[in-house]
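Coordinate inspection notes
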Amino acid sequence: MMPEDGSPGLSPQDAAYKDLQRYTNADGQQIYCKYWKPTGQPRALVFVVHGAGEHCCRYDDLAQVLVGLNIFVFAHDHVGHGQSEGERMIVSDFQIYVRDGMQHVDLVRKVFPDLPMFICGHSMGGAISILMANERPAEFSGVILISPLVLPNPESATSFKVFAAKILNHLLPNLSLGCIDPNSVSRNKQEVESYATDPLVYHGGMKVCFGVQLLNATALVEKALPHFKLPLLLFHGTADKLCDIRGSQLMMDTVPSEDKTLKIYDKGFHALHKELPEVTSSVFQEVERWILQRLEATGAAPSN
Ligand SMILES: O=C1N[C@]2(CO1)C[C@H](C(=O)N1CCC(COc3ccc(F)cc3Cl)CC1)C2
């Protein structure tokens, strides 16, 4: 029962929001936040943007690597995900994820007004990152995308299925399009197991209305690519069955950024940051090197 004074209530996991790090979005929903703070004075900021159905606590390993570089890492659970409020994996307009992302960026900017900020998005979080970077290019020093959603998977989005989804959205918006197969997330069996048993991950079917929002997102992203000028680091696996590698190739070929890198992992599945050890350690190493190079270039304080 919501308290009379309208103070924030309980998370989907029945934790009291007053005890959690959170902010209230423009629709009055509690958004769960997570911060990974370096011991010393931070030299840069990284905003991590998670993908569909998952949550920001899955980025602890990546965040620890960045904290090791004296970088302040921040993230939140998108509305309808993890410990944030909202119906599970449903959003009335994809732009809500972008709006809530910018609100969090503005909150952190108030604390660290002068630090360079990078954004790092995975999968659907990659689409959100591209749209945020295009909305406020001056805010970011660079964008890192791990298997971003740029083009829908050709099987799940044939032109007939796209047409059918748009019609179905008006008739049966809550019809399930099927679940994300945990085995398509990674070749690393421990990571597949941890995804499949994670209570904060949504394991239900993807609703037609959500699929339509994802299709809207890919259309917005494709329109944004010709205007994307920020430094870009892209990763994609050749065996990715959830987000088409051709989307990263299209981005690499289309964006006018002068500083753009695409690293392809042969036989890599979708979550390259949770893949076989040699893949994930390579991804973390590349992220580290890429950020440090760009911090030296901007003359940000050297790590001590
Ligand atoms: O570690 C991780 N990675 C995760 C899970 O856990 C994968 C998930 C994630 O964001 N996507 C994977 C699925 C994909 C489906 O795409 C569609 C489906 C129907 C449709 F009609 C149009 C589209 Cl575009 C969207 C992007 C995040």
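Structural data are supplied above this passage.
This text gives an overview of the structure that appears in the document. (Residues numbered from 1 in each chain as written. Predicted model: local features only at pLDDT ≥ 70, side-chain atom pairs only at ≥ 80, totals over all residues. Heavy atoms only, no water.)

**Overview of the overall build of the protein**
- From N to C terminus, the protein includes eight helices and eight strands.
- Taking 2.2 N^0.38 as the reference for a compact globule, 304 residues should give roughly 19 Å; the C-alpha atoms of the protein span a radius of gyration of 19 Å, in line with that estimate.
- In terms of its C-alpha atoms, the protein occupies a principal-axis envelope of roughly 55 × 50 × 40 Å.
- Within the protein, buried positions represent 54% of all 304 residues.
- The contacts in the protein between residues at least 6 apart in sequence include a share of 77% that link residues at least 24 apart.
- Here the protein displays about 13300 Å² of accessible surface, and carbon together with sulfur accounts for 56% of that area.
- The protein carries 26 positive and 34 negative side-chain charges, and their two centres are separated by 3 Å. (Helix = DSSP H or I, 4+ residues; strand = E, 2+ residues; numbered from the N terminus. Rg over C-alpha atoms; globule rule 2.2 N^0.38 Å. Buried < 20%, exposed > 50% of the residue type's maximum accessible area, 1.4 Å probe, protein only. Contact = heavy atoms within 4.5 Å. Areas by Shrake-Rupley, 256 points an atom, 1.4 Å probe, with all protein chains shown as cover. Lys, Arg positive; Asp, Glu negative; His and termini not counted. Charge placed at Lys NZ, Arg CZ, Asp CG, Glu CD.)

**Observations concerning the sheet that holds strand β5 (residues 117-122)**
- Ordered by their spatial adjacency, eight strands build an open sheet running β1-β2-β4-β3-β5-β6-β7-β8, and the pairing between neighbours is mixed. Edge positions in the sheet fall to β1 (22-24) and β8 (260-265), since each has one partner strand and no second. Across this sheet, the average inter-strand angle for adjacent strands is 20°, counted without regard to direction.
- In the sheet, strand β2 (residues 30-36) pairs with strand β4 (residues 71-76) via four bridges, with the strands oriented antiparallel. When the bridges of β4 are listed, C33 appears paired with H76.
- Here helix α2 (residues 95-111) sits on the sheet and contacts β1, β2, β3 (44-49), β4 and β5; the angle it forms with β4, its principal contact strand, is near 145°. (Pairing = 2+ DSSP bridges. Axes fitted to C-alpha atoms, helices over the stretch in contact; angles between N-to-C directions.)

**Topic: the environment of D240**
- Locating D240 in the fold gives a position in the loop between β7 (232-237) and α7 (245-254).
- Residues D240 and G178, 62 residues apart in the sequence, show an inter-C-alpha distance of 18 Å.
- Filtering out sequence-adjacent residues up to four positions away, D240 remains in contact with S147, G268, F269 and H270.

**Here we look at the packing of helix α4 (residues 159-171) against helix α6 (residues 208-224)**
- One can describe the packing of α4 onto α6 by two numbers: an axis separation of 9 Å at closest approach and a directional angle of 125°. It follows that α4 is oblique to α6 by the angle criterion. As for the relative orientation of α4 and α6, their crossing is left-handed in sense. Two secondary-structure elements touch here, α4 through V162, A165, K166, L168 and N169 and α6 through V208, C209, V212 and L215.
- In terms of residue class, the contact of α4 with α6 is made up of seven nonpolar, one polar and one charged. (Parallel < 35°, antiparallel > 145°, perpendicular 65-115°, else oblique. Left-handed = near helix turned anticlockwise from the far one by under 90°. Nonpolar A, V, L, I, M, F, W, Y, C, P; charged D, E, K, R; others polar.)

**Concerning the site of the ligand**
- Looking at the ligand, there are 20 residues lining it, with A52, R58, H122, S123 and M124 nearest.
- The contact in question runs from an oxygen atom of the ligand to an N or O atom on the side chain of R58, over 2.6 Å.
- Within the backbone of M124, an N or O atom sits 3.0 Å from an oxygen atom of the ligand.
- With three residues, α6 is the largest single contributor of residues to the shell around the ligand.
- Taken together, the residues of the shell around the ligand break down into 13 nonpolar, five polar and two charged. (Near = heavy atom within 4 Å. Polar contact = N/O pair within 3.5 Å; in protein donor to acceptor, adjacent residues only side chain to side chain.)

**A word on the packing of aromatic side chains**
- Applying the stated criterion across every chain yields a total of seven aromatic pairs.
- Through a chain of ring-to-ring contacts, the aromatic side chains of Y35, F47, F72, F74 and F112 assemble into a single cluster.
- Against the face of F269 rests K241, its NZ or CZ located 3.9 Å from the ring centre. (Phe/Tyr/Trp six-rings, centres within 6.5 Å; stacked < 30°, edge-to-face > 60°. Lys NZ or Arg CZ within 6 Å of the ring centre and 35° of its normal.)

**Observations concerning the packing of helix α1 (residues 60-67) against helix α8 (residues 277-298)**
- For the pair α1 and α8, the least separation of the axes is 10 Å and the interaxial angle reads 35°. Judged by the twist between their axes, the crossing of α1 over α8 is right-handed. For the pair α1 and α8, the contacting residues are D61, L62, V65 and L66 in the first and F284, V287, E288 and I291 in the second.
- Partitioning the contact of α1 with α8 into residue classes produces six nonpolar, no polar and two charged.

**A few points about the pattern of salt bridges**
- Under the criterion given, the structure shown has 14 salt bridges.
- Notably, a salt bridge pairs R136 with D106, separated by 2.8 Å at the nearest N-O pair. A residue pair is termed long-range when its members are at least 10 positions apart, and R136 in the loop between α3 (124-135) and β6 (142-146) and D106 in helix α2 qualify at 30 residues.
- R136 gets classed as partly exposed once you look at its relative accessible area, which sits at 27%.
- We classify D106 as partly exposed; its relative accessible area is 28%.
- The closest approach of N and O atoms between R109 and E139, which form a salt bridge, is 2.5 Å. In this pair, R109 is assigned in helix α2 and E139 in the loop between α3 and β6, connecting sequence segments 30 residues apart. (Salt bridge = Lys/Arg side-chain N within 4 Å of Asp/Glu carboxyl O.)

**Notes on the environment of P137**
- The topology assignment puts P137 in the loop between α3 and β6.
- Along the backbone, P137 and H227 are 90 residues apart, and their C-alpha atoms lie at a distance of 9.7 Å.

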